[in-house]
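# Tertiary structure, described
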Amino acid sequence: MSVSLGELAVRFGCELRGDPATSIERVATLANADARSLAFLANPRYRAQLTDTRAAAVVTTAADAPGCKAALLVCENPYATYARIAALLHPPPPLAPGVHPTAIVAASARIDPSAEVGAYATIGERVSIGARAFIGPHCHVDAGVNLATDVRLTAHVTLGPAVQIGARSVLQPGAVIGADGFGFAPEKRTWLKVPQVGSVRVGADVEVGANTTIDRGAIEDTVIEEGVKLDNLIMIGHNVHIGAHTAIAACTGISGSVSIGRRCMIGGMVGIAGHLSVADDVVITAKSSVSHSITSPGVYSSTLPTEEAHAWRRLVARFKRSGVLEERLRRLERAAGTKAAPQEPAEEDHD
């Protein structure tokens, strides 16, 4: 596909600095772009590449424009504008409406004629598949599932019974939505399985990354609200509720019955203990461990930054001695008749 810079400027509301007839065919990085490519600058770390790029045009802000020899599409949010242009230049493959001969479809399933069901997919009883939905190869859609319009299950996606997926949501390969939650009752040093009778409700415009799992609710549904973005390899336990437009990075684990607010950003490898709540507009940095509810917006961390190995060992030794040193100090204060300062509350008490 080829689009002129003039058309891109008009369609996406940019100030064009260059020849409107210049043709763009693809997107590329600043370092590897060519005369038919469009690049963008949003991260100041890459600003040095701006002067030497061979791109036909660059999407950037007015502040970063000086020094660039390429044509410019100037806007306030280069990354978002680039995303829209990239979607225009690199659209997904067109649908081939219909059901592949190798797919297995229950008689009671309702599939819109404009939807595509791929090879070796299995569609259960009472499933409803909306207009222009795509069910990729080897997907399994269990009984009672409801897929809204323009849903895309890329490949090898598994949807458990009665799962609901909102319009335009995308599930990447290997995602499992609606498996049993981790529910076991202790009894005489053994474990008794608790039936998981809820399901999962996923809102519109949600993206679920590859091999991410979302457990069905134990009694009520697990809920993922509209616009949530989930990276690869995330585990979401039963009865979790994630608010709209929250983004969660890879390898995060969320225990059962956690409630996460709207517009949160959760870094990679974060662990959240069960039955906690996280307020709206919270940022949790990577590898943090959340053991108490967070009731106020802000940025939260519990990870020590990387140190040189010898320095780290010294820090660990100090941590281990901290209790002994504190007790020595208190003894000295008592001997000197000095009143000890009140002990500060632990950091976790502020969450």
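What comes next concerns the included structure. Remember, predicted model here, so these are calculated numbers, not experimental data.

## Overview of the overall build of the protein chain
In terms of regular secondary structure, the protein chain is built from three helices and 39 strands. A compact globule built from 351 residues should have a C-alpha radius of gyration of about 20 Å, whereas the protein chain, at 26 Å, is more than 25% larger. Taking the principal axes of its C-alpha atoms as reference, the protein chain extends roughly 85 × 65 × 35 Å. The buried share of the protein chain, reckoned over its 351 residues, is 39%.

## Regarding the packing of aromatic side chains
Applying the stated criterion across every chain, the model contains five aromatic pairs. For the ring pair Phe-182 and Phe-184, a centre distance of 5.2 Å and an interplane angle of 70° mean the geometry is edge-to-face. Overall, Phe-182 belongs to the exposed group, its relative accessible area being 69%. With a centroid separation of 6.4 Å and an interplanar angle of 75°, the aromatic rings of Trp-312 and Phe-319 are classed as edge-to-face.

## A look at the nonpolar core
Core analysis: the biggest nonpolar cluster contains 51 residues, and Ile-135, Leu-153 and Leu-159 have the highest contact counts within it. Those elements giving two or more residues to this core turn out to be strand S24 (200-202) and strand S37 (282-284). Apart from residues lying up to four places away in sequence, Leu-159 is in contact with His-140, Val-141, Asp-142, Val-145, Leu-147, Leu-153, Ile-165, Leu-171 and Ile-177. Grouped together as the second largest cluster of nonpolar side chains are 19 residues, Ile-24, Ala-56, Tyr-82 and Ala-86 included.

## Regarding the side chain of Thr-53
Note on placement: Thr-53 falls in the loop between strand S5 (37-40) and strand S6 (57-60). Looking at Thr-53, its side chain comes within polar contact range of the main-chain oxygen of Leu-30, at 2.7 Å. At 3.2 Å, the side chain of Thr-53 forms a polar contact with the backbone nitrogen of Ala-55. Filtering out sequence-adjacent residues up to four positions away, Thr-53 remains in contact with Leu-30, Ala-33 and Val-58.

## Brief notes about the sheet that holds strand S25 (residues 207-208)
Pairing in this open sheet of eleven strands is parallel, and the strands run S8-S11-S14-S17-S20-S25-S28-S31-S34-S37-S39 from one edge to the other. What marks the edges here is a single partner per strand, and that holds for strand S8 (98-99) and strand S39 (298-300). In this structure, strand S20 (residues 170-171) lies alongside S25, joined through two bridges in parallel fashion. Bridge pairing in S25 places Val-170 opposite Glu-207.

## Overview of the packing of helix H1 (residues 5-12) against helix H2 (residues 78-89)
Interaxial distance between H1 and H2 falls to 11 Å at its minimum, and their mutual angle equals 125°. One finds that H1 runs oblique with respect to H2. Note that H1 runs across H2; the crossing there is right-handed. Along its contact with H1, which presents Leu-8, Arg-11 and Phe-12, the element H2 presents Thr-81, Arg-84, Ile-85 and Leu-88.

## What about the pairing of S5?
The sheet contact formed by strand S4 (residues 26-27) and S5 spans two bridges and is parallel. From the neighbouring strand, Val-27 faces S5, where its bridge partner is Leu-38. As judged from the three bridges shared by S5 and S6, these two strands associate in the parallel manner. By the bridge assignment, Ala-39 is partnered in S6 with Val-58.

## Some points on H1
Among the residues of H1, Leu-5, Gly-6, Leu-8 and Ala-9 are the ones counted as buried. All buried residues of H1 lie within an arc of 165° about the axis, which places them on one face of the element.

## With respect to the pattern of salt bridges
If you walk through the whole model with that rule in mind, you get 15 salt bridges. Across the pair Asp-205 and Arg-168 runs a salt bridge whose closest N-O atoms are separated by 2.7 Å. Remark: Arg-168 occurs in the loop between strand S19 (164-165) and S20 and Asp-205 occurs in the loop between S24 and S25; sequence separation between them is 37 residues. Taking the shortest distance from any N to any O, the salt bridge between Asp-180 and Lys-193 comes out at 3.1 Å. Of this pair, Asp-180 sits in the loop between strand S21 (176-179) and strand S22 (184-187) while Lys-193 is found in strand S23 (residues 190-193), placing the two residues 13 residues apart along the sequence. Assessed through its relative accessible area of 41%, Asp-180 is described here as partly exposed. Relative accessible area serves as the criterion here: at 42%, Lys-193 is assigned to the partly exposed category. Within this structure, Glu-25, Arg-26, Asp-34 and Arg-36 form a network of salt bridges that share partners.

## What to know about the environment of Gly-203
Structurally, Gly-203 can be placed in the loop between S24 and S25. A residue is classified by how much of its surface remains accessible, and Gly-203, at 16% relative accessible area, is buried. Between the alpha carbons of Gly-203 and Tyr-79 there is a distance of 25 Å; along the sequence they are 124 residues apart. Those residues within four positions of Gly-203 in sequence are excluded, and the remaining contacts are Gly-166, Ser-169, Ile-224, Glu-225 and Glu-226.

Calculation rules
Note on numbering: residues in each chain are counted from 1, in written sequence order. Two thresholds apply to this predicted model, a pLDDT of at least 70 for residue-level local features and 80 or more for giving and counting side-chain atom pairs, whereas whole-chain, interface and lining totals are computed over all residues. Computation of side-chain values covers all heavy atoms of the structure but excludes hydrogens and water. Starting at the N terminus, helices and strands are each numbered in turn, a helix being any DSSP run of H or I of at least four residues and a strand any DSSP run of E of at least two. As defined in this context, the radius of gyration uses C-alpha atoms, and a globule is described by 2.2 Å times the residue total to the power 0.38. Here's how the labels work: a residue is buried when its accessible area is under 20% of the maximum for its type, exposed when over 50%, partly exposed in between, all with a 1.4 Å probe on protein chains only. Each pair of aromatic rings taken from Phe, Tyr and Trp, with Trp reduced to its six-membered ring, is defined by centres within 6.5 Å and is described as stacked if the planes are under 30 degrees apart, edge-to-face if over 60, and tilted in the remaining cases. For the purposes of this section, nonpolar cores are sets of buried Ala, Val, Leu, Ile, Met, Phe, Trp, Tyr and Cys residues that join through side-chain atoms within 4.5 Å. By definition, residues are in contact when any of their heavy atoms lie within 4.5 Å. Pairs of N or O atoms are called polar contacts if they sit within 3.5 Å, as long as, within protein, a hydrogen donor faces a hydrogen acceptor (for residues adjacent in sequence, only side-chain-to-side-chain pairs). When DSSP finds two or more bridges between two strands, those strands count as paired. Lines fitted to C-alpha atoms define the axes here, with helix axes fitted over just the stretch in contact, and angles between the N-to-C directions of these axes take values from 0 to 180 degrees. Every angle not falling under 35 degrees, over 145, or within 65 to 115 is termed oblique; those three ranges are roughly parallel, roughly antiparallel and roughly perpendicular. In this scheme the crossing of two helices becomes right-handed for a clockwise turn of the near helix relative to the far one and left-handed for an anticlockwise turn of less than a right angle. Working note: the arc is built from the helix axis to C-beta atom directions. Here, a salt bridge means any side-chain nitrogen of Lys or Arg that lies within 4 Å of a carboxyl oxygen of Asp or Glu.

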